[in-house]
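Residue-level listing of the chains:
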Amino acid sequence: METCCCSTNLSLPLSFSVVNRPGSYSSLGRNLSKNSLRLDDRLLHHKYPAFRSSTTHRRPVLAEAGNQGWDFGRFLKTIYYFNGPPSPAKFIEFIIGKLSNSSPREPSKSMENSGIVLVAGATGGVGRRVVDILRKRGIPVRVLVRNEEKARKMLGTDIDLIVGDITKESTLIPENFKGVRKVINTVSVIVGPKEGDTPERAKYSQGIKFFEPEIKGDSPELVEYVGMKNLINAVKSSVGLRSGKLLFGSQGNSFRELPWGALDDVVMGGVSESTFQIDPTGGENGGPTGLFKGVVSTANNGGFTSIRTKNFPVPEDLSAYDGLELHVKGDGRRYKLIVRTSSNWDTVGYTISFDTVGDQWQSVRLPFSSLRPVFRARTVSDAPPFDPSKIMSLQLMFSKFEYDGKLNPSFAEGAFRLPVSSIQAYIKDPVTPRFVHVSSAGVTRPDRPGLDLSKQPPAVRLNKELGFILTFKLKGEDLIRESGMPYTIVRPCALTEEPAGADLIFDQGDNITGKISREEIARICVAALEIPYACDKTFEVKSVVPFSEPYTVDPQNPPPEKDYNVYFKTLKDGVTGKEILEQSPVPV
């Protein structure tokens, strides 16, 4: 709610001494206009159907500057709509709070860390190296592991961890993923030698080229496909979608509504009046749109109209996003968006103004970082930081007042209208990957026609014997690409324990063979999180060093760190290697 910031006496009108004309009220309980106190009969119905949806407020907007007295009935309707029927004690408390013009009292709270990177499979050969790189760079990291004792022994007793198994959906508790903004997934089905390995897993480290392999533990279908589905569902809301999150408006063939209600300067004694309706054909392309319209007047020290949602039953968590985007048809005026993180009726609103272009549809992006804490049109310097994970309500306002005594430069009394076709959270540009996945080169090759298997890696030749390991890795990749999350899929060739540093070849289409070190893959994964060129790309990678030649590094003279931008710049959208399969389909 907002009031005039210039007047010295803008308390709640229930003092009834400010306005003194026919039809006004001199004291509580006396000289009350009979017509003003008569409420809509529907308000008396025990289900109050007139207040269940913003689309039910369809009576004409009649306010005109200087032509009406304060409408006590509309005031009570407003209070009831947003707060429910107040008890006498709470009603008096509300009045006293208004008369005192005090600021809301809220406990100071700090924002939850919003930069955590989750590493799944953190005790594996690539995963533990990813964790080490992130920690050395001071990036908050959380690990998802099955064995807590093993993880703490390997990664340290102070590691922030989640004990869970991606193959068991019930172990992936949503609460554990709060604060996670990015994911590096290195989980993979376990392949080992049939005849066993050394305690140091020396055979495993050399790759399956050197032993007869078999699946150890859970099947490829369970780990690479079902597990991927479970992991995506667990982190998707925390990580966010590239297309954003719709709060109001059309999505496909559906229309998401919000419980809007008018909140005008009648609560301060004014006579301005607004409404919000759904226009089924008023959208830019002839579809439905919301319509915020009304008449604003400065009579009785008023000067604002607004629509506000009821408090959401569950707070909206938009911490994965950078702001709200409104698609509106402007009228050349300046409006405000107010976002509240408290369920209290009269509290700090995090506010931003935006200008519109007359008679033109436009998208307006309003970053969370630009929201200012405001209470009754005054900036609250000691308010807690805005927390996008706890959004309780939204409000759109047309007001005479800006902030701290300043006036809206585009304000004019009279009628206004603002069609609003959608409100959605967005990720700012340039978008970088939020989900980086380590897959495998060769995932499209087992069913590729005309392929000489004798020249292919063992996993391609033994795909069926290994539980269709590559087939299900590809299916898992497809789940990522279809998820809507900004992603990078890294397909390493044969992994080795050699150091990072050799020059690399990034390729697409799933054709190359060779080797690459686990340390290099870990570095690539961490780098991809910050590189826009890596977003929504699938690629294979290998070292330029032939498989038959060992690669070593002089610890006293290590190679310089790579600029991975150079490699990612060469990648193209939409190339996965599946194109050949789709041209020449082979039954699976």
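Refer to the structure presented above.
About the thresholds
Residues numbered from 1 in each chain as written. Predicted model: local features only at pLDDT ≥ 70, side-chain atom pairs only at ≥ 80, totals over all residues. Heavy atoms only, no water. Axes fitted to C-alpha atoms, helices over the stretch in contact; angles between N-to-C directions. Helix = DSSP H or I, 4+ residues; strand = E, 2+ residues; numbered from the N terminus. Parallel < 35°, antiparallel > 145°, perpendicular 65-115°, else oblique. Left-handed = near helix turned anticlockwise from the far one by under 90°. Contact = heavy atoms within 4.5 Å. Nonpolar A, V, L, I, M, F, W, Y, C, P; charged D, E, K, R; others polar. Buried < 20%, exposed > 50% of the residue type's maximum accessible area, 1.4 Å probe, protein only. Lys, Arg positive; Asp, Glu negative; His and termini not counted. Salt bridge = Lys/Arg side-chain N within 4 Å of Asp/Glu carboxyl O. Polar contact = N/O pair within 3.5 Å; in protein donor to acceptor, adjacent residues only side chain to side chain. Pairing = 2+ DSSP bridges. Right-handed = clockwise from strand over helix to strand, strands pointing away.

Quick look at the packing of helix α7 (residues 220-239) against helix α9 (residues 469-483) now. Running from N to C, α7 and α9 point in directions that differ by 15°, and their axes come no closer than 7 Å. The orientation of α7 relative to α9 falls into the category roughly parallel. As for how α7 packs across α9, the hand of that crossing is right-handed. In this structure, α7 contributes Pro220, Glu221, Glu224, Tyr225, Met228, Lys229, Ile232 and Lys236 to the contact, and α9 contributes Ile469, Phe472, Lys473, Lys475, Gly476, Leu479, Ile480 and Ser483. When the residues that make up the contact of α7 with α9 are grouped by side-chain class, the tally is eight nonpolar, two polar and six charged.

Attention now moves to the side chain of Arg434. Counting through the fold element by element, Arg434 comes out in the loop between β20 (414-426) and β21 (435-438). It turns out Arg434 is buried and unbridged, and the closest side chain with the opposite charge, Asp322, is 4.3 Å from it. For Arg434, the side chain forms a polar contact with the main-chain oxygen of Ala320, separated by 3.0 Å. With sequence-adjacent residues up to four places away left out, Arg434 is seen in contact with Arg181, Lys182, Val183, Val239, Ala320, Asp322, Ile427, Pro486 and Tyr487.

One open sheet holds the eight strands; their spatial order is β3-β2-β1-β4-β21-β22-β26-β24, and the pairing between them is mixed. Where the open sheet ends on each side, the last strands, each with one partner, are β3 (160-163) and β24 (504-507). Geometrically, the sheet is characterised by an average inter-axis angle of 25° between neighbouring strands, direction not taken into account. The pairing of strand β1 (residues 116-120) with strand β2 (residues 141-145) spans four bridges and is parallel. Counted as the bridge partner of Val117 is Val141 from β2. The strands touched by α7 are β1, β2, β4 (180-185) and β21; relative to β4, the strand with the most contacts, the crossing angle is about 155°. The sheet strands contacting α9 are β21, β22 (487-492) and β26 (537-543), and the helix crosses β22 at an angle near 160°.

Next up on the list: the environment of Ser439. Mapped onto the elements of the fold, Ser439 is located in the loop between β21 and α8 (458-461). In contact with Ser439, other than residues within four places in its own chain, are Lys473, Glu477, Ile489, Val490, Arg491 and Pro492.

We now examine the pairing of β1. Burial analysis of β1 places five of its five residues in the buried class, the great majority of the element. Side-chain alternation along β1 places Ile116, Leu118 and Ala120 on one buried face and Val117 and Val119 on a second face that is also buried. Sheet analysis places β1 next to β4, joined by five bridges and oriented parallel. Within β4, the residue paired with Ile116 across the bridge is Val180. In the classification by handedness, the crossover that spans β1, the intervening helix α4 (residues 127-136) and the parallel β2 is right-handed.

Ordered by their spatial adjacency, seven strands build an open sheet running β9-β12-β19-β14-β15-β17-β18, and the pairing between neighbours is antiparallel. At either margin of the open sheet sits one strand with a lone partner, and together these are β9 (260-262) and β18 (378-379). Here strand β14 (residues 334-340) pairs with strand β19 (residues 393-399) via five bridges, running antiparallel. Residue pairing in the sheet places Val339 in a bridge with Leu394 of β19.

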